[in-house]
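# Structural overview for review
Letter by letter, the chains look like this.
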Amino acid sequence: SLEIPSGDTNGVVFEDFFPLPVFDATTLDTTLPLASNTDISLDPSDTLGLTPTSITTNAATNSLTINWPDITTNTPQTLSVLVNISITDDPFADNLSLANLLQVSTENTQAQVSIGINPVLIDVRAPRLVMSKGVLAADQGTITPPPANLPVDGDITGVDSGDSIDYQLTVENIGGAPAYDVVITDPGVTGLS
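Residues numbered from 1 in each chain as written. Predicted model: local features only at pLDDT ≥ 70, side-chain atom pairs only at ≥ 80, totals over all residues. Heavy atoms only, no water.

Counting its secondary structure elements, the protein contains zero helices and 14 strands. Starting at the N terminus and ending at the C terminus, the protein contains elements arranged as β-β-β-β-β-β-β-β-β-β-β-β-β-β. A compact globule built from 193 residues should have a C-alpha radius of gyration of about 16 Å, whereas the protein, at 28 Å, is more than 25% larger. With respect to the principal axes defined by its C-alpha atoms, the protein has extents near 90 × 30 × 25 Å. For the protein, the residues scored as buried account for 29% of the 193 residues in total. Restricting the contact set of the protein to residue pairs at least 6 apart, pairs at least 24 apart contribute 64%. Only carbon and sulfur atoms are counted for the fraction: they give 51% of the accessible area of the protein, which is about 11,900 Å². (Helix = DSSP H or I, 4+ residues; strand = E, 2+ residues; numbered from the N terminus. Rg over C-alpha atoms; globule rule 2.2 N^0.38 Å. Buried < 20%, exposed > 50% of the residue type's maximum accessible area, 1.4 Å probe, protein only. Contact = heavy atoms within 4.5 Å. Areas by Shrake-Rupley, 256 points an atom, 1.4 Å probe, with all protein chains shown as cover.)

Structural data, given as structure tokens:
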């Protein structure tokens, strides 16, 4: 959003810098007019109803740039848009604190540029899996430590050919978001069947 107390200004540019790897600005819809855009729309607080002159994204800076036409009115105005961007499925740490930066620049009639920067803090959550494997039971041998508590993480000694061992695999999500499409692989080792 940009408040325009005088009602007029030139060279208005919104630049929104999104933090990586949580957001990918290049996935945003840059279609004009805004009525056809699936990600960017005028906010209800907007009083101008303008169509941007251009909407672009930049992969190098992971940013969105919206250029606006010059504004010439006689009363205070508000220029405001909504941006809807999805969180990526790229891995990132749980409980990550990031900043999304908005830079707005305007020009006065003498072409002097004024720049304002506004940060918005974001805390994101992600799954964090803790895995363990231990011997749960066996028909021979000694399990150390005994499988009394979860997660089971004991080793076994004193087993021989033909003995049977039960392993327990435990995966716990201690992160702040659900884990999806979890696949557990436990490859066999030589000597076990």
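Now for the packing of aromatic side chains. Centre-to-centre distance and the angle between the planes together describe a pair of aromatic rings. Across all of its chains, the model carries two aromatic pairs by this definition. Between Phe14 and Trp68, the ring centres sit 5.8 Å apart and the planes meet at 65 degrees, which makes this aromatic pair edge-to-face. One end of the pair, Phe14, is in strand E2 (residues 8-17); the other, Trp68, is in the loop between strand E5 (63-67) and strand E6 (71-72), and 54 residues separate them in sequence. Both residues of the pair, Phe14 and Trp68, belong to the buried class. Taking the ring centre of Tyr167 as reference, the NZ or CZ of Lys133 above it sits at 4.5 Å. (Phe/Tyr/Trp six-rings, centres within 6.5 Å; stacked < 30°, edge-to-face > 60°. Lys NZ or Arg CZ within 6 Å of the ring centre and 35° of its normal.)

It is worth spelling out the pattern of salt bridges at this point. Taken as a whole, this structure holds two salt bridges when the rule is applied. We note a salt bridge from Arg125 to Asp94, for which the minimum N-O separation is 2.9 Å. Pair noted here: Arg125 is in the loop between strand E10 (113-124) and strand E11 (129-138) and Asp94 is in the loop between strand E8 (81-83) and strand E9 (96-107), with a separation of 31 residues, a long-range link. With a relative accessible area of 41%, Arg125 lands in the partly exposed category. With its nearest N and O atoms 2.9 Å apart, the salt bridge here joins Lys133 to Asp186. Highlighted residues: Lys133 in strand E11 and Asp186 in the segment after strand E14 (165-173), separated in sequence by 53 residues. (Salt bridge = Lys/Arg side-chain N within 4 Å of Asp/Glu carboxyl O.)

Attention shifts here to the environment of Ala60. In this structure, Ala60 sits in the loop between strand E4 (54-58) and E5. For the pair Ala60 and Val159, spaced 99 residues apart in sequence, the C-alpha separation works out to 58 Å.

This brings us to the nonpolar core. If you look at the biggest cluster of nonpolar residues, it comprises 26 residues, and the most contacted ones within it are Phe14, Ile66, Trp68 and Leu79. Broken down by secondary-structure element, the contributors of at least two residues to this core are strand E1 (2-4), E2, E5 and E9. Sort the elements by how many residues they give to this core and E9 lands first, with three residues. In this view, Leu79 contacts Ser1, Leu2, Ile4, Val12, Phe14, Asp46, Leu48, Leu50, Trp68 and Ile71; residues no more than four positions away in its chain are not counted. (Core = buried A, V, L, I, M, F, W, Y, C linked by side-chain atoms within 4.5 Å.)

The next subject is a nonpolar patch on the surface. Together, Leu129, Met131, Leu169, Val171, Val182 and Ile184 give the surface a local cluster of nonpolar side chains, amounting to about 520 Å² of exposed area. Counting residues per element, the ones that place at least two in the nonpolar patch are E11 and E14. Within the secondary structure layout, Leu169 lies in strand E14. (Patch = residues over 30% accessible without salt bridge, like charges linked within 9 Å, V, L, I, M, F, W, Y side chains within 5 Å.)

The next point concerns the side chain of Thr65. Here Thr65 shows up in strand E5. Aside from chain neighbours lying at most four places away, what touches Thr65 is Val13, Phe14, Glu15, Ser54, Ile55 and Thr56.

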